[in-house]
Amino acid sequence: MFQEAFLGILKPEIIAAFLSFLATVSAAVAAYRAPIAAAEYAETLRRKSADDDNRRRIKLNVFGQIMQERADISQRDCVVALNLIDVAFYDAPDVREAWAELYQSLDSARQVPGHVRDERLRKLLRAMAADLGLADNLRLDDFGRVYFPNTVAEENEVRRLERQATMKRLSAQSAPAQAQASPAETVSNSQTPGWPPRPG
Amino acid sequence: MAVTSGFYAALITGADSEGLVMFVAHDGKITGVDPSKVLFDGTYHIDENGGLVGKVMVKAPPNGTLVQGVSTGPHGISYETSFTIPDDFEEREFVRITTPLGPVNAKFLKLREL
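All values derive from a computational prediction rather than experimental measurement. (Residues numbered from 1 in each chain as written. Chains lettered and ligands numbered in written order. Predicted model: local features only at pLDDT ≥ 70, side-chain atom pairs only at ≥ 80, totals over all residues. Heavy atoms only, no water.)

This part is about the pattern of salt bridges. Summed over all chains, the structure comprises 13 salt bridges over all chains. Among the ionic pairs, Arg160 of chain A bridges to Glu157 of chain A, the shortest N-O distance being 2.6 Å. Of this pair, Arg160 of chain A and Glu157 of chain A both sit in helix α8 (residues 150-181), three residues apart, roughly one helical turn. Residue Glu157 of chain A is classed as partly exposed on the basis of its relative accessible area of 33%. For Lys168 of chain A, the salt bridge identified is with Asp16 of chain B, shortest N-O distance 3.3 Å. Placement of Lys168 of chain A in helix α8 and of Asp16 of chain B in the loop between β1 (6-13) and β2 (18-26) is noted, with the two residues assigned to different chains. For Lys168 of chain A, a relative accessible area of 44% gives the class partly exposed. Overlapping salt bridges bring together Glu43, Arg46 and Arg47 of chain A as one network. (Salt bridge = Lys/Arg side-chain N within 4 Å of Asp/Glu carboxyl O. Helix = DSSP H or I, 4+ residues; strand = E, 2+ residues; numbered from the N terminus. Buried < 20%, exposed > 50% of the residue type's maximum accessible area, 1.4 Å probe, protein only.)

Next up, the structure:
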């Protein structure tokens, strides 16, 4: 009886019906999954594109800041941008190498000539422009052409002098306070000569 | 007391500020430095009065201000100056030195004989 039932199942029309059922189910699953898979893939592409846009925007910001302050890279905003190079251009070894070379030349102890520093700065800007795809439109001379009028130079000099005067005033204010806090450390004036007077 | 080879200190006052220079004078050469890494290097001879007559090249690093009130700028500054330390420098209150960037008054102290 069992054998007869099994043989009954193997009839062609039943097998065909079963396979047709499987095909229908598969089609239904595919129809359900396809838009979801498409949406997920689109989201992945969108996210990657947004990340790429973000990275490029950060790189452009850093490049733009250094470019506009290249006449005097000791300005605060330019210093911030320089210190972001390793992060913003983490995937650009040429840029990071050029920054390392410029950084070495900024060490006053090495006494690197000014024209060498300028050349390394231009090299850094050129490497950043190449990484951003701007190098075809920018020449090395473009990085050396800087508009830095006397009015701006004077403004920077005034800020520097004001900063020095403020530091001097604050240092003078803290020195008497230290002397009062530690009277036991006072040295006898008869043993230590004072400073000469200011030249007239 | 005549000026002889040895280790010296100089308390220097310019138009803007004061500074301390440590230097060595020996065998006709004189070299020194101050806390701001301003370097002094040159030569000297002893004159007929026992005073030390010297000429040094002064090299200052960038982004600083010398005691004369002159900014060293973004590239540093170098200049040459002559000076004389008289034989009675220890009795004098100070010695005036005229540099290309302005005058300074210096009190010299001898620290150790060489």
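Contact residues are listed per partner, giving 26 residues for chain B and 16 residues for chain A. Joining chain B to chain A, the criterion identifies two salt bridges. Put simply, chain B and chain A have nine residue pairs in polar contact (both at pLDDT 80 or more) between them. The set of elements that each furnish at least two residues to the side of chain B that touches chain A consists of β1, β2 and β8 (102-113) of chain B. Considering each element in turn, the side of chain B that touches chain A owes the most residues, six residues, to β8 of chain B. Broken down by class, the residue content of the side of chain B that touches chain A amounts to twelve nonpolar, eight polar and six charged. (Contact = heavy atoms within 4.5 Å. Polar contact = N/O pair within 3.5 Å; in protein donor to acceptor, adjacent residues only side chain to side chain. Nonpolar A, V, L, I, M, F, W, Y, C, P; charged D, E, K, R; others polar.)

All names here are of chain A. Spanning 13 residues, helix α5 (residues 93-105) covers 19 Å between terminal C-alpha atoms, matching the ideal 18 Å at 1.5 Å per step. When we look at burial in α5, the residues that qualify are Val95, Ala98, Trp99, Leu102 and Ser105. Here the buried residues of α5 occupy an arc of 115° about the axis, which is enough to place them on one side. Within α5, the exposed residues directed more than 90 degrees away from the buried face are Pro93 and Tyr103. Elements that come into contact with the buried residues of α5 comprise α3 (76-83), α4 (85-88) and α6 (114-131). (Expected span 1.5 Å × (residues − 1). Arc of directions from axis to C-beta.)

Treat this as a map of the structure, not an account of what it does.
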